[in-house]
Amino acid sequence: MSLSGFTSPWWLLLLFVVAALGGAYVLVQRRRQTNTLRFTNLELLEKVAPARPGRARHIPVALLLVGLVFLTVALAGPTAEQRVPRNRATVVLVIDVSLSMEATDVAPTRLAAAQEAAKQFADDLTPGINLGLVAFSGTASVLVSPTTNREASKSAIDNLQLSERTATGEAIFTAMQSIDTLAAVLGGSDQAPPARIVLLSDGKQTVPESPDDPRGGFTAARQAAEKGIPVSTISFGTQTGTVTIEDDRIPVPVDDPSLKEIANLSGGSFFTAASLEELEDAYNTLEEQIGFETTRGDASRPWLMLGAFSVIAGLGAAMVLRQRLP
């Protein structure tokens, strides 16, 4: 029931007409009462005048006036914020497959939990959105170009393989290239479809060493911001995670600060997840942000319904209480 954002506010001037009708009705009723009092023989008047339903006789007119108010508001075209599914957006899911994802601090392993949550994310994402998949370790590869075919993405997620090192910046650059390619293929519009990158990682960038390197994570995030592509990051795992490599137990704590900085630089959102449940919650939040957009749309329907019901109720009350239409 919105009373703002009217598209045709001049129709609200009809409210003065409705108010005038209400005032005229009150004046007519008072004049009728005055004329009745002039009839000096009240006993005779009670015998010849038909019985009136008392104050209830005003109900039909009151309902009709209220209905006219509702219909007038509807004519003015109120608008309200509405959640509309996106149909041309592009999302690239970027998953870290470095060896640290083999850690078991998240059962059964970080990678297995990430695969399960990523497939659920693919299933729940708005059907009209193009979803792509990039996997990265020391290099980054486009496993699935952005498409509405969710089965292709889920199949690729099931077949992720671990490898050495972590090239976070390269992953973001690869995801942006995938988005640019799809936009060029789709064409047909001066404005590229909205896009977003969702980056899931557990470790610090190792290739190159500095995130401010030309191919580093921070540099990639800045370029994503220039392109209007937010990078939302999910730091997945705990500070106590370890992996065993050649009989050596190596700690692999998550690196929250760098992933948070990537999100901040690109205009995305940052999430932390230390369990499968928390990871699913992060994905659910992203689905709400990515899958829908908030726009102002027509909100006149409720007012039309109320106006119609009020008018019908007024006419029905007139037939019951007065045996005639007002």
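Rules of the game
- Residues numbered from 1 in each chain as written.
- Predicted model: local features only at pLDDT ≥ 70, side-chain atom pairs only at ≥ 80, totals over all residues.
- Heavy atoms only, no water.
- UniProt positions renumbered as here; feature names shortened; annotations may be inferred.
- Helix = DSSP H or I, 4+ residues; strand = E, 2+ residues; numbered from the N terminus.
- Expected span 1.5 Å × (residues − 1).
- Buried < 20%, exposed > 50% of the residue type's maximum accessible area, 1.4 Å probe, protein only.
- Patch = residues over 30% accessible without salt bridge, like charges linked within 9 Å, V, L, I, M, F, W, Y side chains within 5 Å.
- Areas by Shrake-Rupley, 256 points an atom, 1.4 Å probe, with all protein chains shown as cover.
- Salt bridge = Lys/Arg side-chain N within 4 Å of Asp/Glu carboxyl O.
- Lys, Arg positive; Asp, Glu negative; His and termini not counted.
- Charge placed at Lys NZ, Arg CZ, Asp CG, Glu CD.
- Contact = heavy atoms within 4.5 Å.
- Polar contact = N/O pair within 3.5 Å; in protein donor to acceptor, adjacent residues only side chain to side chain.
- Pairing = 2+ DSSP bridges.
- Axes fitted to C-alpha atoms, helices over the stretch in contact; angles between N-to-C directions.
- Parallel < 35°, antiparallel > 145°, perpendicular 65-115°, else oblique.
- Left-handed = near helix turned anticlockwise from the far one by under 90°.

Peer 1: Honestly, the UniProt feature "transmembrane region" (unreviewed entry) in the chain in this entry has me stumped. Any pointers?
Peer 2: In the numbering used here, UniProt assigns the "transmembrane region" (unreviewed entry) feature to residues 6–28, 61–80 and 303–321. Counted over residues 303–321, helix gives 100% and strand 0%. Its end C-alpha atoms are 26 Å apart.

Peer 1: Explain helix H6 (residues 168–186) to me, please; I cannot follow it from the model alone.
Peer 2: Spacing of three or four residues puts side chains on the same side of an α-helix, whose turn is 3.6 residues. Taking 1.5 Å as the rise per residue, H6 with 19 residues should run 27 Å; its terminal C-alpha atoms sit 28 Å apart, in good agreement. Within the sequence span of H6, burial applies to Thr168, Gly169, Ala171, Ile172, Phe173, Thr174, Ala175, Met176, Ser178, Ile179 and Leu182.

Peer 1: Hey, could you run me through a negative patch on the surface in this one?
Peer 2: A contiguous patch of negative charge on the surface is contributed by Glu116, Glu277, Glu278 and Asp281. Relative to the helices and strands, glutamate 277 resides in helix H9 (residues 276–291).

Peer 1: Would you take a moment to explain the environment of aspartate 212 for this structure?
Peer 2: Relative to the elements of secondary structure, aspartate 212 occurs in the loop between strand E5 (195–201) and helix H7 (217–227). In this structure aspartate 212 comes out as partly exposed when scored by relative accessible area, which is 44%. Once the C-alpha coordinates of aspartate 212 and arginine 222 are considered, the two residues, 10 residues apart in sequence, prove to be 9.8 Å apart. Those residues in contact with aspartate 212 that lie beyond four places of it in its chain are Phe218, Thr219 and Arg222. Side chain to side chain, aspartate 212 and arginine 222 meet in a polar contact 3.0 Å long.

Peer 1: Please explain the pairing of strand E4 (residues 140–147) as it appears in this structure.
Peer 2: When a strand is regular, its side chains alternate between the sheet's two faces. Two elements, strand E3 (residues 130–136) and E4, share five bridges in a ladder whose sense is antiparallel. Directly across from valine 134, in E4, lies its bridge partner valine 142.

Peer 1: Explanation requested: the pattern of salt bridges in the structure shown.
Peer 2: Pairing between side chains becomes possible if they bear opposite charge and their charged atoms approach one another. The final tally for this structure, using the stated rule, is eight salt bridges. The salt bridge partner of aspartate 105 is arginine 110, with a shortest N-O separation of 2.9 Å. For arginine 110, a relative accessible area of 0% puts it in the buried group. The salt bridge involving aspartate 158 is made with lysine 119; its shortest N-O contact spans 2.7 Å. Of this pair, aspartate 158 sits in helix H5 (residues 150–158) while lysine 119 sits in helix H4 (residues 110–124), and the two are 39 residues apart along the sequence. Each of the salt bridges in this network shares a partner with another, and the network as a whole consists of Asp105, Arg110 and Asp202.

Peer 1: Explain the packing of H6 against H7 to me, please; I cannot follow it from the model alone.
Peer 2: Relative orientation and spacing of two packed helices are given, respectively, by the angle between their axes and the distance between those axes. H7 packs onto H6 with a crossing angle of 25° between their chain directions and a minimal axis gap of 7 Å. With respect to their mutual orientation, H6 and H7 come out roughly parallel. By crossing handedness, the relation of H6 to H7 is classed as left-handed. Every residue of H7 that contacts H6 at Gly169, Ile172, Phe173, Met176 and Asp180 is listed here: Gly217, Thr219, Ala220, Gln223, Ala224 and Lys227.

Peer 1: Is there a simple way to think about the sheet that holds E5 in this case?
Peer 2: Either a parallel or an antiparallel arrangement is found when strands of a sheet pair, and the pairing is made through backbone hydrogen bonds. Overall, mixed pairing links the six strands, which are arranged E4-E3-E2-E5-E6-E9 in an open sheet. Both edges of this open sheet fall to E4 and strand E9 (270–273), since each of them pairs with a single strand only. Taking the axes of each pair of neighbouring strands and ignoring which way they run, one obtains an average angle of 15° across the sheet. By the bridge criterion, five bridges tie E5 to strand E6 (residues 231–236) in an arrangement that is parallel. Among the inter-strand pairings, valine 198 is bridged to a residue of E6, identified as serine 232. Across the sheet, helix H8 (residues 256–266) is in contact with E5, E6 and E9; its angle to E6 comes to roughly 165°.

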